[in-house]
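Structural characterization, general
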Amino acid sequence: MPNPTPIATRALAERAGVAMLYLLAASAFFSTALASIAMAGLALAFVLAPPAPRAPWRWSPATLAVVALCLLVVARAAVATLDPSVPHGLLWESALDWCKLLLFIPFAHFLAAERPRALRLLGLALAGLALGMLWRLDWGLLASDPGAFLGERDQYGFTAIATGLYTGSALLGLMLMRERLLARAARPSTRWSLILAWGLLLGLFALGFLQSQSRGSWVAWLPALLLGLVLAAPTRARLDGRVLRRALWVAVLAAGVLVLVAFQADDLLWRMREDLAWISGAREGTAASSLGQRWSAQLIGLSLWLDQPWFGWGPGLSQWLMDLSGDPGVRDGAGVALRHLHNTYLEVLVQFGVVGLLGCALLILALLTALWRGCADDRLLRALLVALWCYLLLWELTNYRMVRHDWLMYWILLAGLSQGLGRRLSRAG
């Protein structure tokens, strides 16, 4: 009689893996400690209940791409350690952080292509972000001086650019999935309750999005929204009352945005004047601003990449290399060099060269292909996830936050949903 213990252990691990999915989604933007526990639990459950073993050439394209990318990261770190002047601790710490990109694989495995589960996970992530923002909101300032509150640059526990990414993503979700949310209302009272909840959440995320004052996030958000609206539109758009209702919603949202922007006009104008001062004095090097520092950093990054074009310098070395350059244009008032190049694609080129950037591109392409096929019969969900990818890829042009804890949570959710809805981990799965 076969021993039932392995079967029972696997069944328990599978249930635990699904539970970790929900915990990770709910805590991703709410509690770092809970999200870390969920991430570790998800990895452990995957080890105890892995997919059926397959030859590597039968793995899905996304799995092959991310494994190859992580092997490149480790190999480049090992080669870089041959130089005794390189900070080895920073090198290996960054290499480990990069290898955490693999964690979307257990997420995709336990999602198991179940669309209702994917929608629940998205809803939990949205709720967790909203609760986190309400928890960190400056209630004292709001009560004492609402005008000052609306004008401050609040980051809600993240950096400003990360706040822009997460709240902008939440806004995309609310706007593109509104039709499905309201379709759940069987009675008029339920419908109005859902509309009220939707409006309150929209207002909260719009407030955070604008208070982030992340211009890169703002610029990236509009093309993502337009792409999502195009993909979400039915094949034959009927000219009925919905057109007027949507136009009214857009008008109300635009009015709200203008009001919130007006409260932040002084700070935004000050930052614009600072940038213009740098532009006017850039030739003589007499002015400095955040724009000037980023420009200087990207010039250094371009030069560094040209020195090591194929495989780069190694993981996590950007700040160290900028510090070695001695360029005062990349230093703050305390003389500390910028932490990164403020451009993800340039960062990848500097750290891993053209080969690394090509590996990242193949990974994203594989995930988008899996998503497109897996959601072929779900217009709204596919539109949302493609819009989120568009937003992230454009956002990365002016920011770099890869391998940070909160960004990693965002990556696991988006990449895991894309892969999990598209297919299992192997082509035969």
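Overview of the structure. Remember, predicted model here, so these are calculated numbers, not experimental data. Throughout, residues of each chain are indexed from 1 in the direction in which the sequence is written. Per-residue local features of the predicted model are confined to residues with pLDDT of at least 70, and side-chain atom pairs are confined, for both listing and counting, to 80 or more; whole-chain, interface and lining totals are unaffected and use all residues. By convention in this description, side-chain values take in all heavy atoms of the structure and omit both hydrogens and water.

1. Remarks on the state of the cysteines
Whenever a pair of cysteine sulfur atoms sits within 2.5 Å, that pair is classed as a disulfide. Summed over all chains, the structure comprises zero disulfides. Summary of cysteine pairing: C70 is not part of a disulfide, and the nearest cysteine sulfur, belonging to C99, is at 4.3 Å. Think of it in three bands: with a 1.4 Å probe and only protein chains considered, a residue is buried below 20% of the maximum accessible area for its type, exposed above 50%, and partly exposed in between. In this structure C70 comes out as buried when scored by relative accessible area, which is 6%.

2. Regarding the packing of aromatic side chains
The description of an aromatic ring pair uses the distance of the two centres, along with the angle that the planes make with each other. A pair of Phe, Tyr and Trp rings is counted when the ring centres sit within 6.5 Å of each other, with Trp represented by its six-membered ring. The angle between the planes then sorts it: under 30 degrees is stacked, over 60 is edge-to-face, the rest tilted. This model, assessed by the stated rule, comprises nine aromatic pairs. Between F104 and W411, the aromatic rings sit 5.7 Å apart at their centres with planes inclined by 90 degrees, giving edge-to-face as the arrangement. Of this pair, F104 sits in helix α5 (residues 104-111) while W411 sits in helix α19 (residues 405-422), and the two are 307 residues apart along the sequence. Taking relative accessible area as the criterion, F104 reaches 0% and is therefore assigned buried. Relative to Y410, the ring of Y166 lies with its centre 5.8 Å away and its plane at 35 degrees, an arrangement referred to as tilted. Here the residue Y166 occupies a position in helix α9 (residues 160-176), and Y410 occupies one in helix α19, the gap between them amounting to 244 residues. An aromatic cluster of three or more residues is present, and its members are F29, F158, Y166 and Y410. Charge-over-ring contacts are defined here by two conditions on Lys NZ or Arg CZ: a distance within 6 Å of the ring centre and an angle within 35 degrees of the ring normal. When the ring centre of F158 is taken as reference, the NZ or CZ atom of R136 above it lies at 5.7 Å. The ring centre of W372 lies 3.8 Å from the NZ or CZ of R382, which sits over that ring. Helix and strand definitions follow DSSP, with helices as H or I runs of at least four residues and strands as E runs of at least two, each counted in order from the N terminus.

3. Some thoughts on unusual backbone geometry
With phi around 60 degrees, H342 is a residue other than glycine that occupies positive phi space. On the secondary structure map, H342 appears in the loop between α16 (318-325) and α17 (344-374). One non-glycine residue, V403, lies in positive phi territory at about 75 degrees. Residue position: V403 is located in the loop between α18 (379-395) and α19.

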